[in-house]
Amino acid sequence: AGWRTRDVIEAVLAGRGIVASPETVSAAAAEKTRVALELIENSPTVVAGITELLTELRDCGLILALASSGSPQSVQSFLKTSSSSGMFRSVLTGEDVSQAKPDPEIYARTFQTIGVDPKLCLVVEDAVAGVTAAIRAGGAVVGVAGTCKETDLSGAGALAVLPSVKALPAWLRTWNAGQLGNN
């Protein structure tokens, strides 16, 4: 969770003592992406209500950005399926960076692109690698359980772990946003 596809494939193969050529890894990553896109297009993979949630956050004056380890094709499919492409000031994928999460590059570039001091940014993450990357880039993080266990996300440094992304607006209303500048 939170890794680029080719990094996962390399790690799985290495864990089994298999040395694969870059071409083999690229082919396996392309096939995984093809299957994932087919699943995305043929099943409801977008969280119900996500478009309304993003609209609510944007309408509250928040700057939204998307920093995903996913492939450009998967991210574009999400943006299309959720009708949210115009809501993000910045969209970066795993192919837009040289180092994948947990390296902070994708978040550092996102903070720079949106022109906001990382200390004033709150990242929503569902993966330990993403929590680690966002914190290393200087942001604060709230976790969303599901992809990873709550204890893993909090153990990685998430300020709080929500049961669903839908809980974010209520959590934001009770959370002291002034804490961001203190992180």
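A brief structural summary. Just so it is clear, the structure is predicted and the values come from calculations on it, not from any experiment. (Residues numbered from 1 in each chain as written. Predicted model: local features only at pLDDT ≥ 70, side-chain atom pairs only at ≥ 80, totals over all residues. Heavy atoms only, no water.)

## Concerning the nonpolar core
Counted only if it meets this: Throughout this description, the term nonpolar core refers to a set of buried Ala, Val, Leu, Ile, Met, Phe, Trp, Tyr and Cys residues connected via side-chain atoms within 4.5 Å. Throughout, exposure labels follow a simple rule: accessible area from a 1.4 Å probe, protein chains only, divided by the maximum for the residue type, with under 20% read as buried, over 50% as exposed, and the rest as partly exposed. A run of H or I in DSSP counts as a helix once it spans at least four residues, and a run of E counts as a strand once it spans at least two, with each numbered from the N terminus.
Counting residues in hydrophobic clusters, the biggest one holds 20 residues, and the most contacted among them are Ile106, Tyr107, Phe111 and Val123. Every element with two or more residues in this core is listed here: α5 (105-114) and α6 (128-136). Judged by nonpolar contacts, the second largest core, of 18 residues, contains Phe88, Val144, Leu162 and Val165.

## As for the pattern of salt bridges
The following threshold applies: A pairing counts as a salt bridge when a side-chain nitrogen of Lys or Arg comes within 4 Å of a carboxyl oxygen of Asp or Glu.
Taken as a whole and assessed by the stated rule, the structure comprises 4 salt bridges. Arg173 is the partner of Glu56 in a salt bridge, and the nearest nitrogen-oxygen pair spans 3.6 Å. With a gap of 117 residues between them, Glu56 in helix α3 (residues 50-59) and Arg173 in helix α8 (residues 168-174) connect regions that are remote in the sequence. Glu56 sits in the partly exposed class, given a relative accessible area of 35%.

## Section: the packing of aromatic side chains
Test applied: Put simply, two rings from Phe, Tyr or Trp (the six-membered ring, in Trp's case) pair if the centres are within 6.5 Å, and we call them stacked under 30 degrees between planes, edge-to-face over 60, tilted for the rest.
Under the criterion given, the structure shown has 2 aromatic pairs. Both rings, one in Trp171 and one in Trp175, keep their centres 4.9 Å apart while their planes meet at 20°; by these two values the pair is stacked. Neither Trp171 nor Trp175 differs from the other in exposure class; each is buried.

## Regarding the sheet that holds strand β5 (residues 160-162)
Within a sheet, adjacent strands bond to each other through the backbone by hydrogen bonds, running parallel or antiparallel. Here is the rule we go by: Here, a strand pair is defined by DSSP locating no fewer than two bridges between the strands. To obtain an axis, a line is fitted to C-alpha atoms, over the contacting stretch when the element is a helix, and the angle between two such axes runs from 0 to 180 degrees between their N-to-C directions.
Strand order across the open sheet formed by 3 strands is β3-β4-β5, with parallel pairing between neighbours. The open sheet has two edge strands, β3 (122-125) and β5, and neither has a second partner. Between one strand axis and the next, the sheet turns by 30° as a mean value, whatever way the strands run. Relative to β5, strand β4 (residues 140-144) is paired through 3 bridges, and the arrangement is parallel. Note on β5: the bridge partner recorded for Val144 is Leu162.

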